[in-house]
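The residues making up each chain are set out below.
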Amino acid sequence: MTHEEASISSNHQEDFDEITQQIHALQSSQDELSRSIRNLQARAARIHNEKAAVSRIPSDVLSIIFEECRQLNPQWSGVLYLLRQSPVEVRLSHVSSHWREVALTSPSLWSSIHYPFAHKEDSLKEYLKRSEGSLLNIYIGPWTQHPQVVRVVTDIILPHLPRFRQLVLDAVSRETLASLLDKFRDVSAPALMRLRVMCRGPMSTAGPIACASLFTQGAPLLSDVRLDSVAVILPRTKARTLHFCPPPGPPFPLTHEGLFRAVSAFKSLHTLHMKSAIELNSPALPLIRLPSLKELVVHGLAVSKGLRIFDVISAPNIRSLYLVDMNCSAISAMHKFMARSYPDAFQSLRVLRYVRCEFSEDMDIHFLRATPGISELLIPVDKTNYLIRMLVNSDKQAAIHGCKPLWPKLRTISLHTPGYCAHVAGAGGVPENEPSPTMNLLQELVTGRRMLSRPLTKLCFKGPNARPFANEFQWGLNEAKEFVHTEVVVCQVPVLLRDGGQEYDWAVIAEAYDYPRPPTQFFVPAATETSGYIDMIDIL
């Protein structure tokens, strides 16, 4: 290469290097300008947003709104987790910097923990940190005795037990339930108010579930306990509500001894729901005396093994008795016991409800005499209407003899109408033939009560066919020139269960996390966990 060629090549390289440096400088300037533009845009957006009315909401008010959002439709929370959707508290914290600041400084917003159903170990720690000193609603389950799950519950969750306000324990089998309950035996729960124990997995072993002792060192604020056919032995407690619920699938009954040991601790019990089957093969035990009991709900499953509920429970002062899904023999046995108890018991009984119950023809008139305080009655309408017929006949006898009727305080009657087939009606609900025997019977009851100066104040009709039933009844009432206030509630059959004491409350919300169950791979260690579920720590 000649000297001239070398000089030209050197000049080209210098030009290239200079141009490259200029390009880099311009690119740096462009990046800096882009950052400046983005920052200015963010500031402009912030200033613009501050003009909006929602941005002027005080932080304390915004915190209350967040809490209301979290509690809105909580039964869908479990579904959101299964659909890999962020919970509402996480979504609220991602709207804006101001909202995030408010959310992160609202401890109650992070007080509901569901492990291992919804939260992994990292997100569990973050929730516990953000909840600070707030009381906690804890759901542990479905419990499978996996080593990692056991370690997290023992080392991370249990140290916060003094902060527990609500505790739900959900096991997948009889064996895992025993191991889960054992972790809460020799401890105290000073702030615990509600306890739910569930066993919703397949049962491989027949027979009753073994009794278990919980919180032997005390749970002084406990007020509401719900159990799945398992006798949980608590220290003497002031709890006012106790439910025994049947697990799904074949019945796994409570033993009489387990029932006695569990209920005996509730000296101040106000509400008792008996929905679990109870065995009778236990040795003779004394009566469970519940002088403070005001509301008793007994399902047919509880007496399906031949148990007579008042042979094991003494509740002389109950004000509300709900009988659900009982056959005529169980109803008859209960009526006879109540008649024999007169006048020592059931004098305070005011509300009597029969939900999907059957009645026999040999109804005891002494049952009416033994319960003089009844003011509200709920019964199903069927072809026989034996109870209504007995009331009508007793009213006729009272009119003949010039005395007050039985159940003199009866003012409100509710009728479940799903089993009623109305007569063919024309326009306006007017029957094309004579009123049915059921309608004649109801009209006789209304007329008889008025003649005895004990008029009914309200008749309520409930069911999917409540409207035509009410129309037919009202037509007959108008024909007889009688009047009574009526209320019509058109609803499907499942809604009628609410009249049997079934409520939409915290326990129903807790069960929303139990069904549908997440796949079993949810419980494998984090290092090998599948990607089918959210790692919530990544989005917190």
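Residues numbered from 1 in each chain as written. Predicted model: local features only at pLDDT ≥ 70, side-chain atom pairs only at ≥ 80, totals over all residues. Heavy atoms only, no water.

Asks: What should I look at first to understand the packing of aromatic side chains in this one?
Replies: Two measures describe an aromatic ring pair: the distance that separates the ring centres and the angle between the ring planes. The tally for this structure, following the rule as stated, stands at nine aromatic pairs. Judged by centre distance (6.0 Å) and plane angle (75°), the ring pair of phenylalanine 367 and tryptophan 407 falls under edge-to-face. Of this pair, phenylalanine 367 sits in helix H11 (residues 365-370) while tryptophan 407 sits in the loop between helix H12 (386-401) and strand S16 (412-416); the two residues are 40 residues apart in sequence, bridging distant segments of the chain. Both residues of the pair, phenylalanine 367 and tryptophan 407, count as buried. Through successive ring pairs, a cluster of aromatic residues spans Phe310, Phe337 and Phe346. (Phe/Tyr/Trp six-rings, centres within 6.5 Å; stacked < 30°, edge-to-face > 60°. Helix = DSSP H or I, 4+ residues; strand = E, 2+ residues; numbered from the N terminus. Buried < 20%, exposed > 50% of the residue type's maximum accessible area, 1.4 Å probe, protein only.)

Asks: How should the side chain of threonine 271 be read in this particular structure?
Replies: With respect to the helices and strands, threonine 271 occurs in strand S9 (residues 271-274). A distance of 3.1 Å separates polar atoms of two side chains, one belonging to threonine 271 and the other to histidine 270. The residues contacting threonine 271, other than those within four sequence positions of it, are Arg240, Thr241, Leu242, Leu293 and Glu295. (Polar contact = N/O pair within 3.5 Å; in protein donor to acceptor, adjacent residues only side chain to side chain. Contact = heavy atoms within 4.5 Å.)

Asks: What's the story with the environment of leucine 214 in this structure? I'm lost.
Replies: On the secondary structure map, leucine 214 appears in the loop between strand S5 (212-213) and strand S6 (224-228). For leucine 214 and serine 188, which are 26 residues apart along the polypeptide, the C-alpha to C-alpha distance reads 8.8 Å.

Asks: I would appreciate a short explanation of a negative patch on the surface in the present structure.
Replies: The grouping of Glu14, Asp15, Asp17 and Glu18 at the surface amounts to a negative patch. Along the polypeptide, glutamate 18 turns up in helix H1 (residues 3-50). (Patch = residues over 30% accessible without salt bridge, like charges linked within 9 Å, V, L, I, M, F, W, Y side chains within 5 Å. Areas by Shrake-Rupley, 256 points an atom, 1.4 Å probe, with all protein chains shown as cover. Salt bridge = Lys/Arg side-chain N within 4 Å of Asp/Glu carboxyl O. Lys, Arg positive; Asp, Glu negative; His and termini not counted. Charge placed at Lys NZ, Arg CZ, Asp CG, Glu CD.)

Asks: Quick question: what am I supposed to make of unusual backbone geometry here?
Replies: With the exception of glycine, most residues fall at negative phi, and the peptide bonds are largely trans. Between tyrosine 115 and the following residue, proline 116, the backbone shows a cis peptide bond with an omega angle of -5°. By secondary structure assignment, the location of proline 116 is in strand S1 (residues 112-116). Omega for the bond connecting tyrosine 342 with proline 343 falls within 30 degrees of zero, at 0°, which places this linkage in the cis form. Relative to the helices and strands, proline 343 is located in the loop between helix H10 (328-340) and strand S14 (351-355). Not every positive phi belongs to a glycine, and serine 453 is a case in point at roughly 60°. You can see serine 453 is positioned in the loop between helix H13 (437-451) and strand S17 (458-463).

Asks: Help me understand the confidence of the model for the protein in this model?
Replies: Note: predicted coordinates in regions of low pLDDT should not be interpreted at a detailed level. In this model, the protein carries a mean pLDDT of 83, and residues with pLDDT of at least 70 account for 85%. Note that residues 515-535 has pLDDT below 50 and, in this model, 41 contacts with residues that lie over four places away or in other chains. (pLDDT = per-residue confidence, 0-100.)

Asks: Even after reading the chapter, I still don't get the packing of helix H6 (residues 121-131) against helix H7 (residues 147-157), so can you show me in this structure?
Replies: Each packed pair of helices is defined by two parameters, the angle between the axes and the distance between the axes. Relative orientation of the contacting elements H6 and H7 amounts to 15°, with a least axis distance of 12 Å. Classified by the angle their axes make, H6 and H7 are roughly parallel. As H6 runs across H7, the sense of the crossing is right-handed. On H7, the residues touching Glu121, Leu124, Lys125 and Leu128 of H6 are Gln148, Arg151, Val152, Ile156 and Ile157. (Axes fitted to C-alpha atoms, helices over the stretch in contact; angles between N-to-C directions. Parallel < 35°, antiparallel > 145°, perpendicular 65-115°, else oblique. Left-handed = near helix turned anticlockwise from the far one by under 90°.)

Asks: Sorry, what's going on with H7 here?
Replies: Residues lying three or four places apart along an α-helix face the same way, a consequence of the helix completing one turn every 3.6 residues. What H7 keeps buried is the set Val149, Val152, Val153, Ile156 and Ile157. Taken down its axis, H7 places every buried residue within 110° of arc, on the same side. Buried residues belonging to H7 abut S1, H6, strand S2 (136-143) and strand S3 (164-171). (Arc of directions from axis to C-beta.)

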